[in-house]
Amino acid sequence: MKSVAPLRDTNPRLVLAIVSIGVLLSSLDLFIVNVAMPAMADDFDAGLTELSWVLNLYAIVFAALLVPAGRLGDRSGNRGTFLTGLAIFVIGSALCSAAWNVESLIAFRVVQAVGCALLTPSSLALVLAATPPEQRAGAVRLWVGFGGLGAALGPVLGGLLVELDWRWVFLVNVPIGAAAFAIGVRKLPCPPAAGGPLPDLLGAGALIGAVGSLILAVVEGPEWGWTSAGVLAGFGVAIALGVVFAVSSARHHSPIIDAALVRVPNFTLAGANSLVFQIAFAGMLLSVTLWAQNVWGWSALQTGLAIAPGPLVVPFVAVAAGKLIARIGPGPVIAAGGLAFGGGLLWWARAAELSPDYVGGLLGGMLLTGLGVGLTLPTAFAVGAGTLPPQRFATGSAVLSMARQLGLALGVAVLVALLGTPNTPAATLDAFQRAWYVTAAIAVLAGLIGFAVRSGQAVESPGDLTTPVATENSGDAAVSV
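Rules used throughout
Residues numbered from 1 in each chain as written. Predicted model: local features only at pLDDT ≥ 70, side-chain atom pairs only at ≥ 80, totals over all residues. Heavy atoms only, no water. Helix = DSSP H or I, 4+ residues; strand = E, 2+ residues; numbered from the N terminus. Contact = heavy atoms within 4.5 Å. Areas by Shrake-Rupley, 256 points an atom, 1.4 Å probe, with all protein chains shown as cover. Phe/Tyr/Trp six-rings, centres within 6.5 Å; stacked < 30°, edge-to-face > 60°. Buried < 20%, exposed > 50% of the residue type's maximum accessible area, 1.4 Å probe, protein only. Lys NZ or Arg CZ within 6 Å of the ring centre and 35° of its normal. Axes fitted to C-alpha atoms, helices over the stretch in contact; angles between N-to-C directions. Parallel < 35°, antiparallel > 145°, perpendicular 65-115°, else oblique. Left-handed = near helix turned anticlockwise from the far one by under 90°. 1 Å grid on protein atoms, 1.4 Å probe; cavity = no way out; pocket = protein on both sides within 12 Å on 5 of 7 lines; lining within 4 Å. Points joined across faces, edges and corners; volume = space filled by probe spheres on them. Nonpolar A, V, L, I, M, F, W, Y, C, P; charged D, E, K, R; others polar.

## Here we look at the overall build of the chain
Reasoning step 1: Broken down by element type, the chain carries 17 helices and zero strands.
Reasoning step 2: Taking all contacts inside the chain whose residues are at least 6 apart in sequence as the whole, residues at least 24 apart take part in 84%.
Reasoning step 3: Of the accessible surface of the chain, which amounts to about 18,500 Å², a share of 68% is contributed by carbon and sulfur atoms.

Following this line, the structure appears as structure tokens:
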């Protein structure tokens, strides 16, 4: 099986550095905004329920647009899609910093979400196109690792910026993003686009509506009630539009998601692992934040500093995992990551006390969960992306990213349901212990799914895809893992 050569006269490390700035900013933005929510509520004299849409609508729009945005990048060119997304994100950040009320802030967050949806899949597509096939797995692990670095810096940087003014959590994106845009215009490669006819517009609309409705129902389930009319309607609309998407994709000559991708076991397993693992990840991150702030009474900055050691180890573990994968294969590494992550949660369930004890009660579990993330997420994403033919780099990575976003939304909902509303210190400890045990089991399940991953599975040829490839070497389009 031949592999597609990387783009000529392109420095893969420079491409990775440029696009990772966009990935870092988008990840950083998510965690910074969480920390700034109380300050926003005070400034706008608004309730946290109303302000929750600053986070929720962003998540809905981002998740819903990921796959259509990836398909757009593959068809029209990933360089232009990335730069457009980065520009929109920077503009949205500047607008958010100037918001005058809750409604304007929510609207401008939607602008940010559109930018993130465009830049995320196209950024990985540019990395894959610029990197030799034998180095792609390592490049993907680094790409994912930058997201982990954003998670580490977000709470700490957010706590510091909120001390100045919450508007700085958005303003910080502007000069960094503008510099990345200016360098990207000059240095980013321009890999050939797949071209071809317009993709399935009906399918794209149905997919956007289905994912958006599903995320809405999951996010608002704890607040509205799982049997409320709004939540049931959200699930119903998601199912109906999902059927429309499936039927339209089966009949259209240029579907948004090619059936050939879904039929590749590694791609499907990587997506399933990402979805399930992100349920555990979201539950872990929210639970430790609530524990530190609501139970131990720590400030946002103290909490951010306490969380930081876990995410900080992710990039280093992601790089080191390459040698381990070469020896034992990706499946066992992903499984080990699930076990390590679950072990960190069990640490908290057994060691956490109502009185603050960071070293004995929190730090060990934080490091174990960071180890688990570093082994699991970059490896699974690299395996899934390694199955992709070049003309579907962005679309395929968008599917994997969408699975992660769905998992994050489900994880928050699961944790909220597990914690309930305890009214005594003892009941609070019991609720958190229950949540950590269940979340640990979910992490182990994700590891078991990942254990089934095998090396060497890929889309055999562009003939398996329904859209023609506008490249000179289309006959060599298979990518080896």
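What follows continues from the structure just given.
## Regarding the packing of aromatic side chains
Reasoning step 1: Scanning all chains against the criterion turns up 13 aromatic pairs.
Reasoning step 2: With centroids separated by 5.5 Å and ring planes inclined at 65 degrees, the aromatic side chains of Phe44 and Trp166 adopt a geometry described as edge-to-face. Highlighted residues: Phe44 in helix α1 (residues 12-44) and Trp166 in the loop between α5 (136-164) and α6 (168-171), separated in sequence by 122 residues.
Reasoning step 3: Judged by relative accessible area, which is 15%, Phe44 ranks as buried.
Reasoning step 4: Among the aromatic residues, ring-to-ring pairing joins Trp291, Trp296, Trp298, Trp348, Tyr358, Phe432 and Trp436 into one connected group.
Reasoning step 5: For the cation-ring pair, Arg109 lies above Tyr58, with the distance from its terminal atom to the ring centre recorded as 4.0 Å.

## Let's talk about the packing of helix α8 (residues 201-224) against helix α16 (residues 393-419)
Reasoning step 1: In contact at an axis separation of 7 Å, α8 and α16 are set at 20 degrees when each is read in the N-to-C sense. Considering the angle they form, α8 stands roughly parallel to α16. As α8 runs across α16, the sense of the crossing is left-handed. On α16, the residues touching Val211, Leu214, Ile215, Val218, Val219 and Pro222 of α8 are Met402, Gln405, Leu406, Ala409, Leu410, Ala413 and Val416.

## A few points about empty space enclosed by the protein
Reasoning step 1: Scanning all chains against the criterion turns up one cavity of 30 Å³ or more.
Reasoning step 2: Taken together, Ile279, Gly283, Gly411, Val414, Leu415, Leu418, Thr439 and Ile442 form the lining of the largest cavity.
Reasoning step 3: For the lining of the largest cavity, the elements supplying multiple residues, two or more each, are α11 (265-295), α16 and α17 (425-451).
Reasoning step 4: Per-element accounting of the lining of the largest cavity gives the leading share, four residues, to α16.
Reasoning step 5: Of the residues assigned to the lining of the largest cavity, the class counts are five nonpolar, three polar and no charged.

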